[in-house]
Amino acid sequence: VISGDFETSSSNSSRSKPQIRAYYHVNEDDMILMEDVIMCPFVFRTQDAVLCGALAECVMPGMLRSHFSSRNKLVSMEMIYDSMGFMQQLERASGSELMAQIIPGSLEMALSPGSLECRVITLAKSPFRIVNVNEAWTNLYKYTQMEVEGVELLSILDPPPTDDQPSNAPYE
């Protein structure tokens, strides 16, 4: 249930199962209006998550930008917030933090040593040439960093070789 910054009443009995609610708050004093655009910060919060078994409530600050037509009809709305931070907050609140799969958000994080995950970094455009692979990837695929650097990712993404089956060279 998502609502604005107001209370709602329900005709359900007090014995009904509690629900996690989410709501947002916008302070009118923080709004900026320029012609057909309005911008303001917002705070999105959960309510009753702890009551329903979560370890904590979640709070997400963000920024809102809305564009209106000449007839004052909403044309578009953008809500900007830290989605990765919010996902991590949800995982911690649910108690599943240790099982969380966090996708690296920077090259530095992707290159961090000691990761048990197989990681391959490619160029963003096709044919997705390999820039870097980590140690876990080289152990699984039996190629060295030097052998795969500059090679098209799809040309070597066959299933990893087994001990009794040799791998194909990346340039074949």
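Residues numbered from 1 in each chain as written. Predicted model: local features only at pLDDT ≥ 70, side-chain atom pairs only at ≥ 80, totals over all residues. Heavy atoms only, no water.

Participant: Describe the pattern of salt bridges, naming the residues involved and giving the relevant values.
Facilitator: Where charged atoms from two side chains of opposite charge approach closely, those side chains can pair. Within the structure shown, the criterion is met by three salt bridges. A salt bridge links Arg65 to Glu78; the nearest nitrogen and oxygen atoms lie 3.3 Å apart. Of this pair, Arg65 sits in strand β5 (residues 59-68) while Glu78 sits in strand β6 (residues 74-81); the two residues are 13 residues apart in sequence, bridging distant segments of the chain. The salt bridge involving Arg119 is made with Glu117; its shortest N-O contact spans 2.8 Å. (Salt bridge = Lys/Arg side-chain N within 4 Å of Asp/Glu carboxyl O. Helix = DSSP H or I, 4+ residues; strand = E, 2+ residues; numbered from the N terminus.)

Participant: Quick rundown of the packing of aromatic side chains? Include the residues and the values.
Facilitator: Tallied over the entire structure, the rule returns three aromatic pairs. With a centroid separation of 4.7 Å and 20 degrees between ring planes, the pair formed by Trp137 and Tyr141 is classed as stacked. One end of the pair, Trp137, and the other, Tyr141, are both in helix α3 (residues 135-141), four residues apart, so they sit about a helical turn from each other. For Trp137, a relative accessible area of 3% gives the class buried. Here a set of aromatic residues connected by ring pairs shows up, and it is made of Trp137, Tyr141 and Tyr143. (Phe/Tyr/Trp six-rings, centres within 6.5 Å; stacked < 30°, edge-to-face > 60°. Buried < 20%, exposed > 50% of the residue type's maximum accessible area, 1.4 Å probe, protein only.)

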